[in-house]
Amino acid sequence: MNDLTNQSLKEIVENVRLKKISSLDLTQAYIKNIEGAKKLNTFVTTTFDQALQKAKQFDQRPNYDQILPGIPLAVKDLFCTENVKTTAGSNILNNFVPSYESTVTKNLWDSGAFLLGKLNCDEFAMGSSNETSFFGNVINPVADQLVPGGSSGGSSSALAANLTPATIGTDTGGSIRQPASFTGTVGLKPTYGLCSRWGIVAFASSLDQAGPMTKTVTDCAIMLEAMSGFDEKDSTSINKKKEFYSKNLKDNIKGLKIGIPKEYRVDNMPKEIDELWEKGKKILKDLGAELIDISLPHTKYALPTYYIVAPAEASSNLARYDGVRYGYRSQKSKDLIDMYENTRSEGFGDEVKRRILIGTYVLSSGYYDAYYLKAQKVRQLIKKDFDNNFKKVDSILTPSTPSSAFKIGEKTNDPVSMYLNDIFTVPVNLAGLPALSLPAGVDKQGYPLGLQLIGKPLDEQKILNIGYAFEKNCGFKNKIKKWWS
Amino acid sequence: MSLDKEKIKHVAKLARISLDEAKVNSLTKDLNSIFKFIEQLNELNTDKVEPLTSILNESLRYRKDQIKDGKIRDKILKNSPQQNEEFFVVPKVVE
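Described below are features of the structure shown in this document. These figures come from a predicted structure and were not determined experimentally. Each chain has its residues counted from 1, following the order in which its sequence is written. Note on labels: chains are lettered from A, ligands numbered from 1, in written order. Owing to the predicted nature of the model, reporting of local features is limited to residues with pLDDT of at least 70; listing and counting of side-chain atom pairs is limited to 80 or more, with chain, interface and lining totals taken over all residues. Excluding hydrogens and water, the side-chain values take into account all heavy atoms of the structure.

### Structural notes on the packing of helix H8 (residues 271-286) of chain A against helix H15 (residues 460-474) of chain A
Residues and elements named next belong to chain A. It is the contact of H8 with H15, at a shortest axis distance of 10 Å, that shows an interaxial angle of 105°. As summarised for this structure, H8 and H15 are arranged roughly perpendicular, according to the angle between their axes. Seen from H8, the contacting residues are Lys279, Gly280, Ile283 and Leu284; seen from H15, they are Ile466, Phe470, Asn473 and Cys474. Under this grouping Gly is polar, as are all residues other than the nonpolar Ala, Val, Leu, Ile, Met, Phe, Trp, Tyr, Cys and Pro and the charged Asp, Glu, Lys and Arg. Of the residues assigned to the contact of H8 with H15, the class counts are 5 nonpolar, 2 polar and 1 charged. All axes are obtained by fitting lines to C-alpha atoms, using only the stretch in contact for helices, and the reported angles, taken between N-to-C directions, cover 0 to 180 degrees. Here a strand is any run of E in DSSP of at least two residues, a helix any run of H or I of at least four, and the numbering for each starts at the N terminus. Here the angle decides the label: under 35 degrees means roughly parallel, over 145 means roughly antiparallel, 65 to 115 means roughly perpendicular, and every other value means oblique. Only heavy atoms enter the contact rule, under which two residues are in contact if any of them lie within 4.5 Å.

### With respect to the interface of chain B and chain A
A common measure of how large an interface is: the accessible area buried when the components associate. Taken together, the contact pairs 54 residues of chain B with 69 residues of chain A. Summed over both partners, buried area is the accessible surface (1.4 Å probe) that two parts give up on being assembled. Across the chain B/chain A interface, buried area totals approximately 5,500 Å², and carbon plus sulfur atoms make up 65% of it. Broken down residue by residue, the surface that chain B buries against chain A is led by Leu52(B), Ile55(B) and Arg61(B), which jointly contribute 12%. A side-chain nitrogen of Lys or Arg and a carboxyl oxygen of Asp or Glu constitute a salt bridge if their distance falls within 4 Å. The interface formed by chain B and chain A holds 6 salt bridges in total. Lys300(A) is the salt-bridge partner of Glu43(B), the closest N and O atoms lying 3.2 Å from each other.

### Considerations on the sheet that holds strand S1 (residues 43-46) of chain A
All names here are of chain A. Spatial ordering of the open sheet is given by S1-S3-S2, a layout of 3 strands whose pairing is mixed. This sheet does not close on itself; its edge strands, each paired only once, are S1 and strand S2 (72-76). Shown here is a sheet whose adjacent strand axes are inclined to one another by a mean of 30°, direction ignored. Should DSSP find at least two bridges between two strands, the strands are taken to pair. Both S1 and strand S3 (residues 114-119) contribute to a ladder of 3 bridges, which runs antiparallel. Of the residues in S3, the one forming a bridge with threonine 46 is glycine 117.

### Description of the nonpolar core
Here, nonpolar core means buried Ala, Val, Leu, Ile, Met, Phe, Trp, Tyr and Cys residues that are tied together by side-chain atoms lying within 4.5 Å of each other. Accessibility here uses a 1.4 Å probe with only protein chains present; expressed as a share of the type maximum, an area under 20% marks a residue as buried, one over 50% as exposed, and anything in between as partly exposed. Leu68(A), Phe124(A) and Phe386(A) are the most contacted members of the largest nonpolar core, which totals 164 residues. Examining the composition of this core, we find that 9 residues originate from one element, helix H9 (residues 302-317) of chain A, more than from any other. Setting aside residues no more than four positions away along its own chain, Phe386(A) makes contact with Tyr264(A), Leu296(A), Ile396(A), Pro427(A), Ala431(A), Leu433(A) and Ile454(A). Counting residues in each nonpolar core, the second largest holds 5 residues, with Tyr192(A), Ile238(A), Leu52(B) and Ile55(B) among its members.

### Comments concerning helix H1 (residues 9-17) of chain A
All names here are of chain A. Within the sequence span of H1, burial applies to Leu9, Ile12, Val13, Asn15 and Val16. Down the axis of H1, the sector holding all buried residues measures 165°, keeping them to one side. Turning to H1, the residues buried within the fold contact helix H2 (23-35), helix H3 (48-60) and helix H7 (217-227). Positioned one or two residues after H1, lysine 19 has a phi angle of 60°, which is positive. Taken from the helix axis, the directions to the C-beta atoms give the arc we talk about.

### Let's talk about the packing of aromatic side chains
All names here are of chain A. Each Phe, Tyr or Trp ring (for Trp, its six-membered ring) is paired with any other whose centre lies within 6.5 Å, and the angle between the two planes then decides the class: stacked below 30 degrees, edge-to-face above 60, tilted in between. One pass over the structure, following the stated rule, counts 19 aromatic pairs over all chains. A centroid spacing of 5.4 Å and a plane angle of 45° characterise the contact between phenylalanine 96 and tyrosine 326, whose relative ring orientation is tilted. Of this pair, phenylalanine 96 sits in the loop between S2 and helix H4 (103-110) while tyrosine 326 sits in the loop between H9 and helix H10 (336-347), and the two are 230 residues apart along the sequence. Overall, tyrosine 326 belongs to the partly exposed group, its relative accessible area being 21%. Relative to tyrosine 321, the ring of phenylalanine 124 lies with its centre 5.0 Å away and its plane at 55°, an arrangement referred to as tilted. Here tyrosine 321 lies in the loop between H9 and H10 and phenylalanine 124 lies in the loop between S3 and helix H5 (153-160), a separation of 197 residues in the sequence. Pair check on accessibility: phenylalanine 124 and tyrosine 321 agree, each one buried. In this structure an aromatic cluster arises from ring pairing among Phe96, Phe124, Tyr321, Tyr326 and Phe348. In our convention, an over-ring charge means Lys NZ or Arg CZ found within 6 Å of a ring centre and within 35 degrees of that ring's normal. Here the basic side chain of lysine 233 rests over the ring of tryptophan 198, its NZ or CZ set 4.0 Å away from the ring centre. The residue whose ring lies beneath lysine 247 is phenylalanine 244, and the NZ or CZ to ring-centre distance is 5.3 Å.

### A few points about unusual backbone geometry
Residue and element names in this part refer to chain A. Cis peptide bonds are those with omega within 30 degrees of zero, and the linkage from glycine 150 to serine 151 qualifies with 5°. Within the element layout of this structure, serine 151 appears in the loop between S3 and H5. Located in the positive-phi region is asparagine 83, a residue other than glycine, with phi close to 65°. One can find asparagine 83 in the loop between S2 and H4. When its relative accessible area of 54% is taken as the criterion, asparagine 83 is described as exposed. Backbone geometry places asparagine 130, a non-glycine residue, at a positive phi of 60°. By secondary structure assignment, the location of asparagine 130 is in the loop between S3 and H5.

In structure tokens form, the structure reads like this:
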């Protein structure tokens with residue numbers, strides 16, 4: 001049972017159901033991997049004792065009908081977990097132990113899974129390389145000194161290094177899809193409102209959405225099935241019937257219309273990304289899909305819009321960290337205002353401060369119309385671009401990122417160059433759409449590259465189906481060799 | 001438009017974040033490059049565009065005004081950096 005942890009979630013679930021492996025064996029195998037992978041710095045907190053206990057409980061009284069029977073899972077440290085420290089990668093929440101469970105994680109536990117630990121991420125999910133975490137950089141298992149993407153970098157790294165059979169992240173501007181692309185894994189940002197935001201540390205509430213990160217498209221469907229669903233505690237949760245994404249997976253995509261947007265061919269894009277895109281188009285065409293050239297004319301304005309909307313919402317959401325009710329408090333203060341200012345100065349890292357200041361400024365008196373209102377109008381135009389095109393296509397195919405994973409420190413001195421990483425992922429969040437990042441190839445250094453399938457609102461099943469068919473015909477294999485222990 | 005140091009200090013005050021002079025300098029540089037990037041939006045005429053205020057097609061639903069939990073004071077106070085029995089404690093605000 002040496003390669004137990006090398007299997008897909010689906011295979012693991014089948015083996016548990018066939019009693020070929022016990023939940024305890026499985027849990028111990030992952031714990032062993034995690035203990036040998038400290039170099040990757042993926043975990044902020046581990047909950048091994050609790051996990052082992054849950055595994056034993058499962059083995060004593062197994063329920064094989066559940067979607068995730070006796071499966072240990074690590075999750076991004078942005079999901080509040082009852083009685084388990086939840087930091088959001090920040091010093092300001094370094095001592096925060098929630099007394100409640102996020103809806104999405106509760107859904108996973110109700111499906112038979114249990115917690116292995118909490119995964120490192122960019123501070124408050126603000127970053128594209130996992131270099132803004134208070135708990136240090138995460139390393140991509142693809143190669144030493146390589147970033148795993150962000151903000152769900154601990155999640156992507158842990159998944160690719162076999163430290164968890166599947167995981168979940170959150171995606172505000174690409175934070176699931178970009179790290180999935182950088183690690184050769186599958187990541188889905190669902191339609192805004194499909195997964196409850198309740199109990200997730202908030203970054204930008206009109207953009208944040210939780211989603212699965214997995215090794216295969218089938219695993220992604222399984223996880224989405226388990227985590228999604230209506231929640232009355234989230235006022236933007238969509239009330240709709242539960243779907244069975246994994247049971248309904250189909251690889252026949254004949255006749256589907258796939259849009260190819262010309263605006264996603266950006267200046268200075270490496271040739272490899274272009275070739276990857278061509279390869280993706282050919283695979284879908286050979287499977288009987290029809291490729292249609294489309295235009296999303298406001299694409300180039302998506303990032304500037306995002307860098308008004310997201311910081312504005314963040315500055316408002318992060319106002320709650322005042323050192324009074326929870327979290328870090330500065331000890332060197334002479335009065336209340338001083339306490340607020342020192343707490344926030346010492347508690348937040350540089351990127352978070354930058355975004356709070358951008359947000360405060362664009363919302364401040366005299367600037368609101370010029371920035372925030374303007375951004376809301378452009379957001380409307382971006383959404384209309386998609387609405388118009390989805391009248392004639394079923395899905396849109398684009399690259400996931402404009403490059404492969406980069407080295408630690410390569411982009412930290414220039415915030416705008418870091419932001420440009422999310423150029424292909426951000427429009428989807430602004431329009432509230434679902435999008436799937438699929439591993440599709442490697443660059444000349446052997447680093448993974450991904451392609452993105454964008455879908456209509458609540459049309460997750462279709463992009464999963466296309467992804468499923470694509471995966472079978474693409475032949476991508478992650479060639480990560482264990483160098484870290 | 002460019003952001004000078006005084007503006008940055010003012011915004012930091014609004015955001016209740018104390019900044020030393022070195023931070024003010026680095027933030028002034030960063031924010032100016034970010035705003036230069038953001039201001040590409042000015043190329044677009046949006047006079048006749050309705051601002052997007054919600055991405056959902058449905059409007060927010062109402063719920064009954066009911067108390068569903070309660071008696072969780074200890075849980076709420078548990079994470080407080082400084083507490084005194086049933087209260088949050090802050091530095092003195094009135095003499």
